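This is what each chain is made of:
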Amino acid sequence: MREYNTILVAVDERPEAELGVKKGIAIAKQHGAQLVLVHVVDVRTYTLVDRGDVAFHSNVTANRRKLLNAYQTSCRYEGVFYCQAELAFGNPGPILVKEMVSRHQPDLIILGSARMGKIKKLLSGNVEHHVMKNASCDVLTVQAG
């Protein structure tokens, strides 16, 4: 069985992300690994006006940090004490695969995965597909249901 020392978990507001965090906690406890929780704000979903609005940016940042803090608290409550959280802005797939993998050098990336049809996945730009195709480490997708 492969040893995992650093596990990167991509998080967002979806229930699937919460399942990913729970799976990350279980694996981290099993391996004595550290967790890195990452939320990437997908700037492609905001207009140019929104991106330049300082108040909008501050509000988005505060809300996402609150989300990360809640997940971090859950990790510590469950006994994973080395759990860091990071917020990034950009296109989630490339940010996770290039920037976050380079910075944290995880042995495993965990993604919560929504059940979608093939067309919906294609249209959504599918972060999951990009990470699975380009990551240099193991990738685990966790699906609800």
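Use the structure listed above.
The following refers to the structure shown. Everything numeric here is computed off the predicted structure, so don't read it as measured data. (Residues numbered from 1 in each chain as written. Predicted model: local features only at pLDDT ≥ 70, side-chain atom pairs only at ≥ 80, totals over all residues. Heavy atoms only, no water.)

**A few points about the overall build of the protein chain**
Helix and strand counts for the protein chain stand at six helices and five strands. In the protein chain, the succession of α and β elements from N to C terminus is β-α-β-α-α-β-α-β-α-α-β. Scored against the burial criterion, the 145 residues of the protein chain give a buried share of 44%. For the protein chain, the share of sequence-separated contacts (at least 6 apart) that also reach a separation of at least 24 residues comes to 77%. (Helix = DSSP H or I, 4+ residues; strand = E, 2+ residues; numbered from the N terminus. Buried < 20%, exposed > 50% of the residue type's maximum accessible area, 1.4 Å probe, protein only. Contact = heavy atoms within 4.5 Å.)

**Looking at unusual backbone geometry**
A positive phi is found at Gln105, a non-glycine position, where the angle reads about 45°. In this structure, Gln105 sits in the loop between helix 4 (92–104) and strand 4 (108–113).

**Description of the environment of Leu68**
Mapped onto the elements, Leu68 comes out in helix 3 (residues 54–77). Taking the relative accessible area as the measure of exposure, Leu68 reaches 2% and is therefore buried. Separated by 55 residues in sequence, Leu68 and Glu13 place their C-alpha atoms 9.8 Å apart. Each residue touching Leu68, except ones within four places of it in the same chain, is listed here: Val11, Leu37, Val38, His39, Ala85, Glu86 and Leu87.

**A word on the sheet that holds strand 3 (residues 83–90)**
Pairing is parallel in the open sheet, where five strands are placed in the order 3-2-1-4-5. Bordering the open sheet on either side are strand 3 and strand 5 (138–143), each of which pairs with just one other strand. Across the sheet, the axes of successive neighbouring strands diverge by a mean angle of 25°, strand direction being ignored. Of the pairings in the sheet, the one linking strand 1 (residues 6–10) to strand 2 (residues 34–42) comprises five bridges and is parallel in character. Of the residues in strand 2, the one forming a bridge with Thr6 is Gln34. Helix 4 rests against strand 1, strand 2, strand 3 and strand 4 of the sheet, and its axis sits at about 135° to strand 3. (Pairing = 2+ DSSP bridges. Axes fitted to C-alpha atoms, helices over the stretch in contact; angles between N-to-C directions.)

**Regarding the side chain of Glu128**
Mapped onto the fold, Glu128 is located in helix 6 (residues 127–134). At 2.5 Å, the side chain of Glu128 and the side chain of Ser113 are in polar contact. (Polar contact = N/O pair within 3.5 Å; in protein donor to acceptor, adjacent residues only side chain to side chain.)

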